[in-house]
Amino acid sequence: KFNMSYVVLERELEAGSFWRTYPVFSELISINKVVRNESHRLRFDWHSLLDAPIFMSNVSLDYFPKNTDFQRYLQVVARLASINVHYGHGVSGFVPGEPCVLLESGSKYCARRRIFIGTGREPKREPLLEALGGIPYSRFKREMALRKRVCILGNGNAGFEVAQNVYGIAERVAIFGKSAHRLSSVTRYSGDVRLKFLQVLENFHSKLLD
């Protein structure tokens with residue numbers, strides 16, 4: 001669009017690889033509502049990229065789409081927009097004083113002017129927690145909670161997402177956080193706990209959950 005020379009180096013072999021794994025239980029908390037008024041679209045469409053050749057609604061009509069839907073959307077955008085991405089090019093470091101990066105393959109890749117680096121998500125090791133039997137969010141599977149007492153550390157959306165998906169098969173579920181949970185319906189902040197995850201809280205107050 002701006003007639004600029006660029007290249008995107010991507011470690012993985014496809015666009016949007018992050019969304020293959022997260023969120024763990026697939027359903028996103030961001031909305032995908034189709035509206036006729038184009039000027040209001042961005043208020044209800046939280047996924048479509050600006051100036052992209054297609055909208056998220058071209059891929060999924062679900063109000064809360066799945067992670068795989070968003071990954072497929074990113075792949076279609078990358079292809080239709082002819083984004084210059086070199087897949088399978090992991091960056092291991094950069095060259096001080098030069099606009100160059102070192103690739104995991106051992107070669108060097110240099111830019112004409114500037115380099116922008118996105119580090120992505122690196123798994124955080126918690127050896128003490130793992131020694132006590134803790135399971136990171138990224139490796140958790142629903143069947144692990146079958147007839148087990150489940151303790152969830154963290155009372156944000158991810159914590160309530162896990163609770164929502166295991167309370168039906170776990171013997172007991174407990175959620176612990178550093179502070180009281182905040183509901184988005186009260187704070188008006190979409191990053192706080194969404195109502196879609198509060199079935200588990202309703203069951204607790206109705207004495208349907210131990």
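Quick caveat, the model's predicted, so the values are computed rather than measured.

The rules behind these values
- Numbers given to residues run from 1 along each chain, matching the order in which its sequence is written.
- Reporting in this predicted model follows two pLDDT cut-offs: at least 70 for local features of residues, and 80 or more for side-chain atom pairs to be given and counted; totals over whole chains, interfaces and linings ignore these cut-offs and use all residues.
- Water and hydrogen atoms play no part in the side-chain values, which are based on all heavy atoms of the structure.
- Put simply, a salt bridge is a Lys or Arg side-chain nitrogen that is within 4 Å of an Asp or Glu carboxyl oxygen.
- Per the convention used, a helix needs a DSSP run of H or I reaching at least four residues, while a strand needs a run of E reaching at least two, with both numbered from the N terminus.
- Throughout, exposure labels follow a simple rule: accessible area from a 1.4 Å probe, protein chains only, divided by the maximum for the residue type, with under 20% read as buried, over 50% as exposed, and the rest as partly exposed.
- Residue contacts are counted whenever heavy atoms from the two residues lie within 4.5 Å of one another.
- The pairing criterion for strands is at least two bridges between them, as found by DSSP.
- Handedness rule for crossovers: strands pointing away from the viewer, path from the first strand over the helix to the second running clockwise, crossover right-handed.
- Each Phe, Tyr or Trp ring (for Trp, its six-membered ring) is paired with any other whose centre lies within 6.5 Å, and the angle between the two planes then decides the class: stacked below 30 degrees, edge-to-face above 60, tilted in between.
- Counted as over-ring charges are cases with an Arg CZ or a Lys NZ within 6 Å of the ring centre that also lie within 35 degrees of the ring normal.

**Student:** What should I look at first to understand the pattern of salt bridges in this one?
**Tutor:** Side-chain pairs of opposite charge can arise where the charged atoms are in close proximity. Counted according to the given criterion, the structure contains nine salt bridges. The closest approach of N and O atoms between Glu104 and Arg11, which form a salt bridge, is 3.1 Å. Of this pair, Glu104 sits in the loop between β4 (100-103) and β5 (108-110) while Arg11 sits in the loop between β1 (8-10) and α1 (41-44), placing them 93 residues apart in sequence. The exposure class of Glu104 is partly exposed, given its relative accessible area of 48%. The shortest N-O distance in the salt bridge between Glu27 and Lys196 comes to 2.8 Å. Placement of the pair is Glu27 in the loop between β1 and α1 and Lys196 in the loop between α5 (184-187) and α6 (199-205), with a sequence separation of 169 residues.

**Student:** Looking at this structure, how should I read the side chain of Arg41?
**Tutor:** With respect to the secondary-structure elements, Arg41 resides in helix α1. Ignoring any residue separated from it by four or fewer positions in sequence, one finds Arg41 in contact with Val35, Ser48 and Phe55.

**Student:** I'm lost on unusual backbone geometry in this one. Help?
**Tutor:** Most peptide bonds adopt trans geometry, and most residues besides glycine take a negative phi value. Residue Pro23 follows Tyr22 across a cis peptide bond; omega there is -10°. In this model, Ser26 sits at a positive phi of 80°, which is unusual for a non-glycine residue. Structurally, the position occupied by Ser26 is in the loop between β1 and α1. Judged by relative accessible area, Ser26 falls into the partly exposed class, the value being 26%. One non-glycine residue with positive phi stands out, namely Asp51, at about 60°. Mapped onto the secondary structure, Asp51 falls in the loop between α1 and α2 (67-80).

**Student:** Explain helix α4 (residues 157-166) to me, please; I cannot follow it from the model alone.
**Tutor:** Working note: α-helix, 3.6 residues per turn, so residues spaced by three or four point in the same direction. Within α4, eight of the ten residues are buried, which leaves the element mostly enclosed by the surrounding structure. Three or more residues of α4 are buried, namely Asn157, Gly159, Phe160, Glu161, Val162, Ala163, Gln164 and Val166.

**Student:** Can you walk me through the pairing of strand β7 (residues 172-176) in this structure?
**Tutor:** Looking down a regular strand, the side chains alternate between one sheet face and the other. Pairing of strand β6 (residues 149-153) with β7 involves five bridges; the strand directions are parallel. Looking at the pairing, Val150 lines up with Val173 of β7. For the handedness criterion, the β-α-β arrangement of β6, α4 and β7 is classed as right-handed.

**Student:** So what exactly am I meant to see when it comes to the environment of Gly156 here?
**Tutor:** Mapped onto the fold, Gly156 is located in the loop between β6 and α4. Spatially, the C-alpha atoms of Gly156 and Val193 are 5.7 Å apart, while their sequence positions differ by 37 residues.

**Student:** I'm lost on the packing of aromatic side chains in this one. Help?
**Tutor:** The description of an aromatic ring pair rests on the distance of the ring centres and on the angle between the ring planes. Under the criterion given, the structure shown has seven aromatic pairs. Measuring from centroid to centroid gives 6.1 Å for Tyr22 and Tyr137, while their planes differ by 15°, and the two rings are stacked. Here Tyr137 lies in the loop between α3 (127-131) and β6 and Tyr22 lies in the loop between β1 and α1, a separation of 115 residues in the sequence. Taking relative accessible area as the criterion, Tyr22 reaches 13% and is therefore assigned buried. An aromatic cluster of three or more residues is present, and its members are Phe18, Trp19, Tyr22, Phe70, Tyr73 and Tyr137. Across the ring face of Phe64, the terminal group of Lys196 is positioned such that the distance to the ring centre comes to 4.8 Å.

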